[in-house]
Amino acid sequence: MYSKNGETYFIVDAHVALWDARPENQRNIHGKQFIDCFYDYHRNLSPESEVWPYEDYLYQGGERLMKDLFTDGHVDHAVFQPAYLGEFYDNGFGQTEEAFALAQAHPDKLTYNHHWDPRNGEQGLRQLREDAKRFGLKGAKLYTAEWHGESRGWKLDDHWSYKYLEAAQELGIRNIHIHKGPTIRPLDRDAFDVADVDKVATDFTDLNFVVEHCGLPRLEDFCWIATQEPNVHAGLAVAMPFIHTRPKYFGQIIGELLYWLGEDRIQFSSDYAIWTPRWLVERFVDFEIPDELSEYAPLTTAQKKKILGLNAAAMYDIEVPAELQLRDETPTEVPVAS
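No experiment lies behind these values; they were computed from the predicted model shown.

What's the story with the overall build of the protein in this structure? I'm lost.
In terms of helices and strands, the protein carries twelve helices and ten strands. In terms of overall size, the protein behaves like a compact globule, its C-alpha atoms giving a radius of gyration of 19 Å where 338 residues would be expected to give roughly 20 Å. Of all 338 residues assigned to the protein, the portion counted as buried reaches 59%. For the protein, restricting intrachain contacts to residue pairs at least 6 apart in sequence, the fraction spanning at least 24 positions comes to 78%.

Whenever I open this one, the side chain of Thr96 confuses me. Can you help?
If you trace the backbone, Thr96 turns up in helix α4 (residues 96–105). Discounting chain neighbours no more than four positions away, the residues touching Thr96 are Tyr112, His114, His115 and Phe135.

Is there a simple way to think about the packing of helix α8 (residues 219–226) against helix α10 (residues 247–260) in this case?
Relative placement of two packed helices is described by the angle separating their axes and the distance separating the axes. Viewed as axis vectors pointing N to C, α8 and α10 meet at an angle of 15°, and their least axial separation amounts to 9 Å. Overall, the two elements α8 and α10 adopt an arrangement that is roughly parallel. Judged by the twist between their axes, the crossing of α8 over α10 is right-handed. For the pair α8 and α10, the contacting residues are Leu219, Phe222, Cys223 and Trp224 in the first and Ile253, Glu256, Leu257 and Trp260 in the second. Of the residues that constitute the contact of α8 with α10, the class distribution is seven nonpolar, no polar and one charged.

Please clarify how the environment of Leu45 should be interpreted in this entry.
For Leu45, the position within the fold is in helix α1 (residues 29–45). The sequence separation of Leu45 and Ile243 amounts to 198 residues, and the corresponding C-alpha distance is 9.1 Å.

Teacher, can you tell me more about the sheet that holds strand β6 (residues 139–142) here?
In any sheet, the strands associate via hydrogen bonds between backbone groups, in a parallel or an antiparallel arrangement. The five strands lie next to each other as β6-β7-β8-β9-β10, forming an open sheet whose pairing is parallel. Taken across any chain shown, the strands that pair with only one partner, and hence form the sheet edges, are β6 and β10 (266–267). Pairing of β6 with strand β7 (residues 175–179) involves four bridges; the strand directions are parallel. From the neighbouring strand, Leu142 faces β7, where its bridge partner is Ile178.

Got a minute to help me understand the sheet that holds strand β5 (residues 110–112) in this structure?
The strand order β3-β4-β5 describes an open sheet built from three strands, whose pairing is parallel. Among the strands making up the open sheet, the edge pair consists of β3 (12–16) and β5. Here the strands of the sheet are splayed against their neighbours by 20° on average, with no regard to which way each runs. Summarising the sheet, strand β4 (residues 77–80) and β5 pair through three bridges and their orientation is parallel. Residue Phe80 lies in a different strand from β5, and its bridge partner there is Tyr112. Across the face of the sheet, helix α3 (residues 62–71) comes into contact with β3, β4 and β5 while running at roughly 135° to β4. Where α4 meets the sheet, it contacts β4 and β5, and its direction lies at approximately 140° from that of β5.

What is the right way to look at the environment of Ala14 in this model?
As for its placement among the helices and strands, Ala14 is situated in strand β3. Remark: the alpha-carbon pair of Ala14 and Phe93, spanning 79 residues in sequence, is separated by 19 Å. In contact with Ala14, not counting residues within four places along its chain, are Val79, Gln81, His177, Glu212, Gln267, Phe268, Ser269 and Ala312.

Help me out: how do you make sense of the environment of Asp157 in this one?
As for its position among the elements, Asp157 is in the loop between β6 and α6 (159–171). Residues Asp157 and Pro290 lie 133 residues apart in sequence; the distance between their C-alpha atoms is 39 Å. Among all residues touching Asp157, those that are not within four sequence positions of it are Tyr162, Asp196, Lys199 and Val200.

About the thresholds
- Residues numbered from 1 in each chain as written.
- Predicted model: local features only at pLDDT ≥ 70, side-chain atom pairs only at ≥ 80, totals over all residues.
- Heavy atoms only, no water.
- Helix = DSSP H or I, 4+ residues; strand = E, 2+ residues; numbered from the N terminus.
- Rg over C-alpha atoms; globule rule 2.2 N^0.38 Å.
- Buried < 20%, exposed > 50% of the residue type's maximum accessible area, 1.4 Å probe, protein only.
- Contact = heavy atoms within 4.5 Å.
- Axes fitted to C-alpha atoms, helices over the stretch in contact; angles between N-to-C directions.
- Parallel < 35°, antiparallel > 145°, perpendicular 65-115°, else oblique.
- Left-handed = near helix turned anticlockwise from the far one by under 90°.
- Nonpolar A, V, L, I, M, F, W, Y, C, P; charged D, E, K, R; others polar.
- Pairing = 2+ DSSP bridges.

Below you can see the structure in the form of structure tokens.
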């Protein structure tokens, strides 16, 4: 929990990962390109005091994650959102077994989401059913720009993708997180386009679609889709660190999201370990919409509390102590069209 000026915040970091990008796990040059791009985001958008040595960045491990999030980082609960990237890393980029073991050891602090790739066809569907049972999945992280053999991406409205979403609906995997943000070398920018979110959100109204990175740099496209689709949510991973380097730009992002989506469909994410949550939480609590952005309403404490944790807690049925819920209001409910 984080407290300041008499207010206490329940923090849910809705997008974290454990990864292994060490040279011995890199399958080819693309594995190095990918982690180097991550590191460029990290060092260019972080305060100097928060920049890690490159070697530490290649692999964190569970002990450091627990310290960075829960001992030092003000986080009350976090959700793993792994990326597989098997074409770039021998044992995958996101460390499934280590992350799941941590979630099992700390169920009060961690939720494990898994991944799938519809290009794996029937075999992948069978694996999805096994994974849902083994991991007790409530959510998944999808990476539409991931390479797979000769394919360099897929779309949410592809034929096989629909089969997987239908299976997810049947299995109770209701929260579908999708990387729809800045490109990462060597992946293709257009494979992260947000247009395919529109169709699946319309056709799968029992699912929540959390668009990670809120579509950046396609924020306007994303907002026009999300305002029409009440089961589309915005994840702030990657957007958050602009609070340091470009506060006016961050103010525009938050202002647009609040205008189009409202305060109940925005989720805080540090994108650990690209960034650590402590400084992001502290700066967001202190953040005010810049005066020159007068078209946007002021950012209220209640809105900050929802964004920092109450929205994701509602989505994942995470218990919030009564004293940390909003005063004179019922807990935030996740809006999903019936």
